[in-house]
Every structure is written in C-alpha cells, then in structure tokens.
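Observations on chain architecture
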Amino acid sequence: MDSQDKHQTTKNHHFTQAFKHALDGILDIIHNEPNMRYHMIFALGALLCGIILRISRMDWLWITLAIFTVILSEFANTIAESLSDLVTHGRFDPLVKRVKDVAAGAVVVAALFAVITGGLVFVPRVWTLLF
Ligand SMILES: Nc1ncnc2c1ncn2[C@@H]1O[C@H](COP(=O)(O)OP(=O)(O)OP(=O)(O)O)[C@@H](O)[C@H]1O
C-alpha cells in the first residue's frame with residue numbers, strides 16, 4: 001500500500017485496487033474481532049467433521065450456507081459497531097444501543113441457524129456410526 005492509497009477517499013480506479021481494499025477489510029476483521037476468529041474455528045471444525053463423516057453434497061450446501069451466514073452476520077455487526085462508534089465517540093446514545101444490540105442479535109440468530117444445521121447434518125451420522 002503506498003502513502004497515497006493509505007488516505008484514499010476517492011473511488012477505486014481498478015479491480016485490483018478494489019480487491020486489495022476488500023482483502024484489507026477481511027484481514028482487519030480477523031485481526032481485530034475475536035468473535036470472528038471463534039466463528040472461523042467452529043467453521044474449520046464443521047469442515048473437518050464434514051470430511052471425516054463423508055457428508056453428502058446437499059449437506060455440504062447446508063453447512064456452507066450456515067458458515068457463510070454466521071461470517072457475514074459478523075461483518076454486518078462489525079460495520080454497525082464501527083459506524084456507531086464513529087458517530088458517538090464513546091458517548092451513550094439510546095439509538096446506538098439499539099443498533100448495536102440488534103446487530104449482535106443478528107449474529108446470535110445466525111449462530112443458532114448454524115447450530116441447528118450442524119445438529120441436523122452431523123448428529124444422525126454420528127448416531128449411525130455409534131449404534
Ligand atoms: N455509544 C453507545 N451508546 C449506547 N450503548 C452502547 C454504546 N456503546 C456500546 N453500547 C452498549 O454496549 C454493548 C456492547 O458494545 P460493544 O461495542 O462493546 O459491542 P460488543 O457486542 O461487545 O462488540 P463485539 O461484537 O466486538 O463483541 C452494546 O450492545 C450496547 O448495548
């Protein structure tokens with residue numbers, strides 16, 4: 001990243017520049033949001049279980065959907081938090097409380113979807129293996 005890029009406020013000039021900034025965003029959220037790292041560890045666990053238990057193509061679709069739903073909800077949550085902090089600078093605001101709580105709720109709902117999906121896919125397979 002050159003010094004001009006660091007303080008860029010204009011539109012991206014080409015695809016590689018846009019992609020690099022998108023990559024910066026992904027690395028930033030992984031580096032700065034512990035919850036994102038937990039989501040990724042769980043996702044890796046689900047992928048390993050899928051490989052070990054040889055789940056079907058349809059089950060892979062559900063597991064992938066669940067993983068990306070949780071990850072995207074964490075992106076949305078982080079965007080909401082960052083914009084809120086930008087506006088309030090640490091000052092309490094009831095509307096910001098609502099924004100942050102609703103955004104956090106979205107992550108919980110997505111995580112619930114992932115837990116249910118994982119349960120529906122993996123539990124019957126483990127059950128058949130054990131009994
Ligand atoms: N400026 C504010 N005004 C009102 N309420 C706030 C404000 N900042 C934080 N809060 C309240 O504190 C809670 C925690 O805020 P914070 O920004 O630390 O989110 P978090 O859920 O801990 O973040 P993360 O998703 O990174 O764990 C929010 O859900 C909200 O209820």
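Starting from 1, residues in each chain are numbered consecutively following that chain's sequence as written. Since the coordinates come from a predicted model, pLDDT governs what is reported: local features require at least 70, and pairs of side-chain atoms require 80 or more to be given and counted, while whole-chain, interface and lining totals use all residues.

So, on to the UniProt feature "transmembrane region" (unreviewed entry) in the chain. The feature "transmembrane region" (unreviewed entry), as annotated in UniProt, sits at residues 36–53, 60–80 and 102–123 in this numbering. Taken end to end, residues 60–80 is 100% helix and 0% strand, and its two terminal C-alpha atoms sit 30 Å from one another. Each end of residues 102–123 is marked by a C-alpha atom, and these two atoms are 31 Å apart; helix forms 100% of the span and strand 0%. UniProt positions are given in the numbering used here, feature names are shortened, and annotations may be inferred rather than shown by experiment. Counting from the N terminus, the helices are the DSSP runs of H or I reaching at least four residues and the strands are the DSSP runs of E reaching at least two.

Right, let's talk about the site of the ligand for a bit. Near the ligand you find Glu-33, Asn-35, Asn-77, Glu-81, Thr-88, Phe-92, Asp-93, Val-96, Lys-97, Lys-100, Asp-101 and Ala-104, and these make up its full shell. Elements with a contribution of two residues or more to the shell around the ligand: helix H4 (57–88) and helix H5 (94–130). By residue number, the principal contributor to the shell around the ligand is H5, which donates five residues. Gly counts as polar in this scheme, as do all residues outside two lists: the nonpolar Ala, Val, Leu, Ile, Met, Phe, Trp, Tyr, Cys and Pro, and the charged Asp, Glu, Lys and Arg. Classifying every residue of the shell around the ligand gives three nonpolar, three polar and six charged. A residue counts as near a molecule or strand when its C-beta atom, positioned from the backbone, falls within 6 Å of it.

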